[in-house]
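Here are the chains, one letter per residue:
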Amino acid sequence: MRKVFDFHGGIHPAENKHQSLRTPIASAGVPAELILPLSQHIGAPAEPIVEVGQRVLKGQVVAAASGFVSVPVHAPTSGQVTAIEDRLIAHPSGLSAPCIVITSDGLDQWQECQPVADYHSVDKADLLARIRDAGIAGMGGAGFPTAVKLTVKPQAPIATLILNGTECEPYITADDILMRERAQHIIEGAQILSHLIEPSEVLIGIEDNKPESIAAMQVAAQGTGIEIVVFPTKYPSGGEKQLIEILTGKQVPSGGLPADIGVICQNVGSAVAVRDAILEGKPLISRVVTVTGEAVEEPQNLEALIGTPMSYLLQTAGYQAAKNQRLIMGGPMMGFTVPDADVPIVKTTNCILAPSAAELPAPPPAQPCIRCGMCAEACPASLLPQQLFWFAQGKEFEKAEQHNLFDCIECGACSYVCPSTIPLVQYYRAAKAEVIQIRQDAEKSEHSRLRFEARQARKEREEAEKEAKRAARKKAAEEKARLAAEQGDAQEDPIQAAIERAKAKKAAQASGGDAESELEKLEKLVITTRKRLETASTKLEAAKAEGSEHVDALQLGVDKTSAKLAAAEQALHAYQQANPSPDIPAPAAPDDAAQAAIERAMAARQADAAKSPEEKARESLQKLEARLAKSEARLQEGRAAGEEEKIIIALESTVERLREKVAAGKAQLKQAETC
Amino acid sequence: MYALIAQYPLLAALFALVSLGAVFGAILGYAAVRFKAEGNPIVDQINAILPQTQCGQCGHPGCRPYAEAIAAGEEINKCPPGGQAGVQALADLLDVEAPTLDEEHGEEKVPHVAYIHEDDCIGCTKCIQACPVDAILGAAKHMHTVIVSECTGCDLCVDPCPVDCIDMIPEDETLRSWHWQLPDPNSRQVDIIATDAAAEAAA
């Protein structure tokens, strides 16, 4: 007989287990609708790989694992995916979470299973992958991905594999009945786990309040080398750390994992799931759930598909809603009240408790702590619950942490024994959450600080660069000025020379105003004036084509220039005729030129008057229409190219404006035509 | 030597004390140079407590300047994002009485995150320039967006926006952010004994 140890504290609440043990495991059947939360385990939520409307087979993967600490989700029956949306899930927050909803088609048609005939011949990594792909997460309550737990580090070999068949919480009998009815499966699962992690011993721990289970397991374990260890009933001996202490006498260090002391602990339900995944090729799509409490007529254990709404299971067990005042998922000690009866069961749901008001009364109001110390006596983690309570209440979270707040397993033993009925566990949960929040905030603020400082540094660097550029430019400018000053002395001479040249020219012109030069002068004047007229008229053409407002001014300029040209030509002509006398044409020319210009201008005006107003209006209308067409084309182009909205709007308003102008032009034309 | 000391005890004592003082003075002087503290260490400690939103609600251009101002004697209750808990932490650090948060600089509120209405954004980059932690992504004439994980909820991008397309929205509660709250303190204020309360309820 193996020596069993004891752990500190613990309580003996009323067990209430017999109610649900009267009948064997019954199949709950297939509900019309199954709701599969994507996050049924600890770690990253699974990612849906099916689409709404898609038909899925029983056992088909509907959501794939995302990351190492994650497991996939499988369709529990065949049917159609009717929605992938947020649904209310079983969580103390009462919040919704993304779920895949499958409407059953009633056929319950399996996909092809690929069992492993002889797992000894298969690579261990392959077996682990199969366990992971089967979606197995710890079924005792925490839901930690089993494959991750089974990944043994070579530098830390595992001495002891423990299967947890303790089930210490009142009311729950799912593991108990599993051990009674499927002892062989549990042993097979244990053998697979043992093959994977190669421990020196395999223990199955069962409390002594389950004699039938113990007997069944002992029969099944005969000749396998697996030892069934029985120990006295005490809550919470099913806690992982407590069970390890009971069976091995070793304590898991604070903040550490069982693997640190060479122990791996698995729930018996997980062992069965592993066995089904390897030997039958079936993923985790159902589990045994205890439905119990005084508000159900036939408390029993049901084999339910994952995703079955709680209300469906309650109905199967004969639920009397009138008797019930709240629904609890899990046991009375560690379970939580669910927001709605339609929430689905998940991989970690071991019990649905529907107590009557008398059975589980609302907690009486909390009284002040009297420092009796009963909580410290009951604490299985050897903490000081009342100190933690004071710290949590006073928000002295740092001190709470120093008093090993995070070693609290939230078993509720302290609240159970508290004569002042203080909801101690709630204080610890809140304090833990607050500490984690503070840590996250600190992390975030540190991150922000680094980003802020990086930005400041960048801005400073940019500023310095700008400053350097500015300085360089300033220096270059100074250098240039200096060079210019130096060259200034050298350039003084040419300027002076040019001035002198010009002076000399003037002097020469003044002295020898001969006939030849006069003729040349007149010819030059004609040529330059002609040139000017050409440029002015091209400008005018361009302005007319553009429809610019400067057309009038330009027209005036052109008229003036042409008058000048006429005058110059006249002068030249006169000079050539009166060759010997250069004095006469000069005064005569302006007179004639002015006359000619006046005449030309009058002629032009007459011509203008002749073709106006109808023609004029038509001309401008044509121009406007051409512009409108252009703008419209541009707008079309812009729309087709999907340009920015503002540009489109601007173009539209341009087109609109032009349209108005065209309309006005047309009206003018009509008016012109009528008169 | 002994005769000399015996002859002039006063001078001997004086000499001994002065030489001791000189030796220790030299050691301390060396230590002051050798182990000189770079900057003011209290500023770093204060800065570590401040929430680093860089929002400027305290009237300083960033958290570090405020930390420096606190070290120089400014009030510690001007940081709304840090909240009363932040004031308390600063008070603990500086060993002073914790004042209540100065409402003049803003109220303590749940963390917010900037949200750019992308349909309205004209791509002016003004908010990018305003963001103290480079949490806004975008380019000129292109739509901008907020990198939520980097946003400190400082509010500084809201004012510069010429088309008013930035809103501060409270971070919504998800399963990941949800956590247990401390029990309602009012639930503990009972004026009758619990057993009597049960009897009262039955009656």
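Rules and cut-offs
Residues numbered from 1 in each chain as written. Chains lettered and ligands numbered in written order. Predicted model: local features only at pLDDT ≥ 70, side-chain atom pairs only at ≥ 80, totals over all residues. Heavy atoms only, no water. Helix = DSSP H or I, 4+ residues; strand = E, 2+ residues; numbered from the N terminus. Expected span 1.5 Å × (residues − 1). Buried < 20%, exposed > 50% of the residue type's maximum accessible area, 1.4 Å probe, protein only. Contact = heavy atoms within 4.5 Å. Polar contact = N/O pair within 3.5 Å; in protein donor to acceptor, adjacent residues only side chain to side chain. Arc of directions from axis to C-beta. Buried area = accessible area lost by both parts, 1.4 Å probe. Salt bridge = Lys/Arg side-chain N within 4 Å of Asp/Glu carboxyl O. Nonpolar A, V, L, I, M, F, W, Y, C, P; charged D, E, K, R; others polar. UniProt positions renumbered as here; feature names shortened; annotations may be inferred. Patch = residues over 30% accessible without salt bridge, like charges linked within 9 Å, V, L, I, M, F, W, Y side chains within 5 Å. Areas by Shrake-Rupley, 256 points an atom, 1.4 Å probe, with all protein chains shown as cover. Lys, Arg positive; Asp, Glu negative; His and termini not counted. Charge placed at Lys NZ, Arg CZ, Asp CG, Glu CD.

### With respect to helix H7 (residues 268-280) of chain A
Residue and element names in this part refer to chain A.
Stage number 1. Look at H7: 17 Å from first C-alpha to last across 13 residues, which is about the 18 Å you get at 1.5 Å a residue.
Stage number 2. Residues Val268, Gly269, Ser270, Ala271, Val272, Ala273, Val274, Arg275, Ala277 and Ile278 constitute the buried set of H7.
Stage number 3. Looking at the buried residues of H7, the elements they touch are helix H1 (124-133), helix H2 (146-150), strand S9 (160-164), helix H3 (174-181), helix H4 (183-197) and strand S12 (263-267).
Stage number 4. At the N-terminal boundary of H7, the capping side chain belongs to Asn267, with an oxygen 2.7 Å from the backbone nitrogen of Gly269.

### Describing helix H3 (residues 41-49) of chain B
Three- or four-residue spacings in an α-helix give side chains the same orientation, since the helix completes a turn every 3.6 residues.
Stage number 1. Among the residues of H3 of chain B, those classed as buried are Val43, Ile46 and Asn47 of chain B. Within H3 of chain B, the buried residues cover an arc of 100° as seen down the axis, which keeps them to one side.

### Considerations on the interface of chain A and chain B
How big an interface is tends to be reported as the loss of accessible area on association of its parts.
Stage number 1. At the junction of the two partners, chain A supplies 39 residues and chain B supplies 38 residues.
Stage number 2. Area buried by chain A at its contact with chain B is led by Arg451, Phe452 and Arg455 of chain A, which between them contribute 19% of it.
Stage number 3. Across the chain A-chain B interface, the total number found is three salt bridges.
Stage number 4. In this structure, Asp134 of chain B and Arg458 of chain A form a salt bridge, with 2.8 Å as the shortest nitrogen-oxygen distance.
Stage number 5. Here chain A is connected to chain B by nine residue pairs in polar contact (both at pLDDT 80 or more).
Stage number 6. Among the residues making up the side of chain A that touches chain B, the classes are represented as 18 nonpolar, eleven polar and ten charged.

### Side note on the UniProt feature "domain: 4Fe-4S" (unreviewed entry) in chain B
Stage number 1. Under the local residue numbering, the UniProt record ascribes the feature "domain: 4Fe-4S" (unreviewed entry) to residues 38-96 of chain B.
Stage number 2. For residues 38-96 of chain B, the helix share is 51%, the strand share is 0%, and the end-to-end C-alpha distance is 25 Å.

### Examining a negative patch on the surface
All names here are of chain B.
Stage number 1. Together, Asp155, Asp159, Asp164 and Asp167 make up a negatively charged patch on the protein surface.
Stage number 2. For Asp167, the location among the structural elements is in strand S4 (residues 166-170).
Stage number 3. On the accessibility criterion, Asp167 (36% relative accessible area) is partly exposed.

### Some remarks on a nonpolar patch on the surface
Residues and elements named next belong to chain B.
Stage number 1. A cluster of nonpolar side chains, namely Leu4, Tyr8, Leu11, Leu14 and Val18, defines an oily patch on the protein surface of about 520 Å² accessible area.
Stage number 2. The leading source of residues in the nonpolar patch is helix H2 (residues 9-34), at three residues.
Stage number 3. In this fold, Leu14 is placed in helix H2.
Stage number 4. Overall, the relative accessible area of 53% leaves Leu14 in the exposed class.

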